[in-house]
Amino acid sequence: MSVIVLESVTKRYESGAETVVALDAVDFHADRGEMVSIIGPSGSGKSTMLNMIGLLDTPTSGTVRIDDRVVSDFSEADLTEERRSGIGFVFQDFHLLPMLTAVENVELPSMWDTSVDRRDRAVDLLRRVGLGDRLTHTPDELSGGQRQRVAIARALINEPDIVLADEPTGNLDRDTGATILDELTRFTDEEDVAVVSVTHDEQLVEYADRVVELIDGVIQG
Ligand code: ADP
Ligand code: ADP
């Protein structure tokens, strides 16, 4: 079953007298265990679509479902909970907190949870991305690729259903980008998450199980 489904999702922005149709009757789904890449030229609606999938914005019309639940029926508290525990975010510029160590950054999204095994899971995730010897390094003591691996571990700490990756290799050289894509591919299987990425990076497209192309807010093909 698809973990995230968009049905005929349209998003319009009104700016003054002008109306921009950022997404036009978009149908989309992503399943656990697959990596889907959303591609398209600048202004084609990729960020808008990522915001819909990440429950950061609401459609003008159409339906968003998470695990077969209609998102527009969620209370504000449900939305917050779903964003916090159901979705992991990976950003182009890492978004790590500079004063925290690697393991503290990974733990951060689970801080409200007082169960003791959070530290264990953070350490385990960092070991699995090859940073078992960097647990107490701060971001400025890590290379770009290492920072992004910390961010991937952080995205997985709450055992999400979906990982959303916004240009995850955008600030990395090609070889480092490849190691990040290897990690994302591995976790797609090992953690059985749906990974949805937005990218210009053709390398990332090669790793994807499925590619969805947007042009002027319309899915191609
Ligand atoms: P992409 O991520 O592919 O570059 P976006 O989703 O950012 O595309 O934008 C799609 C279209 O919607 C563009 O024409 C953009 O100018 C417009 N748009 C995006 N956000 C807003 C906003 N908050 N207000 C008005 N127009 C917007
Ligand atoms: P990359 O080629 O992946 O960008 P770097 O050349 O930045 O890697 O770093 C190479 C190694 O040096 C990495 O293992 C990294 O952990 C370590 N390193 C880089 N910068 C620092 C630092 N400021 N303090 C401690 N270790 C560092």
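Residue numbers run consecutively from 1 along every chain, following the written order of its sequence. Working convention: letters from A go to chains and numbers from 1 go to ligands, in the order in which they are written. Local features in this predicted model are restricted to residues of pLDDT 70 or higher, and side-chain atom pairs are both shown and tallied only at a pLDDT of 80 or more, whereas totals for entire chains, interfaces and linings draw on every residue. Side-chain measures were taken over the full set of non-hydrogen atoms in the model, leaving aside hydrogen atoms and water.

Student: Go over the pattern of salt bridges with me, naming the residues and quoting the values.
Tutor: Salt bridge, as used here, is a side-chain nitrogen of Lys or Arg placed within 4 Å of a carboxyl oxygen of Asp or Glu. What the rule picks out here adds up to 16 salt bridges. The partner of D67 in a salt bridge is R32, and the shortest N-O contact between them spans 3.4 Å. Highlighted residues: D67 in the loop between strand 4 (61–66) and strand 5 (69–70) and R32 in the loop between strand 2 (18–31) and strand 3 (35–39), separated in sequence by 35 residues. Among the salt bridges present, the one from E34 reaches R210, with a minimum N-O distance of 2.7 Å. With a gap of 176 residues between them, E34 in the loop between strand 2 and strand 3 and R210 in strand 9 (residues 210–215) connect regions that are remote in the sequence. Taking the relative accessible area as the measure of exposure, R210 reaches 25% and is therefore partly exposed. Three or more residues joined by partner-sharing salt bridges are found here, namely R121, D124, R128, E159, E183, R186, E190 and E191. By definition, any uninterrupted DSSP run of H or I lasting at least four residues is a helix, any uninterrupted run of E lasting at least two residues is a strand, and each is numbered from the N terminus. A simple rule labels every residue: compare its accessible area, found with a 1.4 Å probe on the protein chains alone, to the largest value its type can have, and call it buried under 20%, exposed over 50%, or partly exposed in between.

Student: So, the confidence of the model for the protein chain: which residues are in play, and what are the values?
Tutor: pLDDT measures how confident the predictor is about each residue, on a scale from 0 to 100. Taken over all residues, the pLDDT of the protein chain has a mean of 94, while the share at 70 or more is 99%. Mean pLDDT across the elements of the protein chain ranges from a minimum in helix 7 (residues 202–207), with 89, to a maximum in strand 10 (residues 218–219), with 98.

Student: Run through the sheet that holds strand 2, naming residues and quoting values.
Tutor: If you trace the four strands from one edge of the open sheet to the other, you get 2-1-4-5, paired in antiparallel fashion. Looking at the sheet topology across the chains shown, the edges are occupied by strand 2 and strand 5. A strand pair is defined by DSSP finding two or more bridges across the two strands. Pairing between strand 4 and strand 5: two bridges, direction antiparallel. Note that in strand 5 the partner of R65 across the bridge is V70. Helix 1 (residues 46–53) contacts strand 1 (2–15), strand 2 and strand 4 of the sheet and is inclined by roughly 125° relative to strand 1. By definition in these notes, contact holds between two residues if any of their heavy atoms fall within 4.5 Å. Lines fitted to C-alpha atoms define the axes here, with helix axes fitted over just the stretch in contact, and angles between the N-to-C directions of these axes take values from 0 to 180 degrees.

Student: Please provide a residue-by-residue account of the site of ligand 1, values included.
Tutor: One heavy atom within 4 Å of a molecule or strand is enough for the residue carrying it to be called near that molecule or strand. Taken together, Y13, V20, A22, P41, S42, G43, S44, G45, K46, S47 and T48 make up the full set of residues near ligand 1. Polar contact is defined as a pair of N or O atoms within 3.5 Å, subject to the rule that within protein one atom must be able to donate a hydrogen and the other to accept it, and that residues adjacent in sequence are counted only when both atoms are side-chain atoms. Here G43 contributes a backbone N or O atom positioned 2.7 Å from an oxygen atom of ligand 1. One of the backbone N or O atoms of S44 is found 3.1 Å from an oxygen atom in ligand 1. Residue assignment for the shell around ligand 1 shows that the elements contributing at least two residues are strand 2 and helix 1. Among the elements that line the shell around ligand 1, the one with the most residues is helix 1, at three residues. A breakdown of the residues in the shell around ligand 1 according to their chemical character gives four nonpolar, six polar and one charged. Three categories are distinguished: nonpolar for Ala, Val, Leu, Ile, Met, Phe, Trp, Tyr, Cys and Pro, charged for Asp, Glu, Lys and Arg, and polar for the others, with Gly belonging to the last.

Student: Explain the environment of E213 residue by residue, including any values.
Tutor: Assignment of secondary structure puts E213 in strand 9. Sequence-wise, E213 and S37 are 176 residues apart; in three dimensions their C-alpha atoms are separated by 8.3 Å.

Student: Help me get a handle on the layout of surface pockets, residues and values and all.
Tutor: In this analysis the probe radius is 1.4 Å and the grid spacing 1 Å, with only protein atoms considered; a cavity is a set of points the probe fits into but cannot get out of, a pocket is an open set with protein on both sides within 12 Å along at least five of seven lines, and lining residues have an atom within 4 Å of a point. Grid points are joined across faces, edges and corners, and a volume is the space filled by probe spheres set on the points. Roughly 230 Å³ of internal volume is contained in the largest pocket. Around the largest pocket, the lining comprises 13 residues; the ones closest to its centre are I87, G88, F89, P109 and R154. Every element with two or more residues in the lining of the largest pocket is listed here: helix 2 (76–86), strand 6 (87–90) and helix 5 (144–156). No other element matches strand 6, which puts three residues into the lining of the largest pocket.

Student: I'd like a rundown of the packing of aromatic side chains, residues and numbers included.
Tutor: In this scheme Phe, Tyr and Trp rings, the latter by its six-membered ring, pair at centre separations within 6.5 Å, and the angle between planes marks the pair as stacked below 30 degrees, edge-to-face above 60, and tilted otherwise. As enumerated under the stated definition, the model contains one aromatic pair in all. A ring pair is formed by F89 and F91, whose centres lie 6.2 Å apart and whose planes are at 10°; its orientation type is stacked. Under the relative-accessibility criterion, F91 is labelled partly exposed at 26%.

Student: Describe the site of ligand 2, with residues and values.
Tutor: Near ligand 2 you find R134, D140, E141, S143 and Q146, and these make up its full shell. The contact in question runs from a nitrogen atom of ligand 2 to an N or O atom on the backbone of E141, over 3.3 Å. In the model, an oxygen atom of ligand 2 is placed 3.2 Å from a nitrogen or oxygen of the S143 side chain. Bound to the protein, ligand 2 loses 39% of the 560 Å² it would expose on its own. We get accessible surface area from the Shrake-Rupley algorithm with a probe of 1.4 Å; when it comes to residues, only the shown protein chains can shield them.

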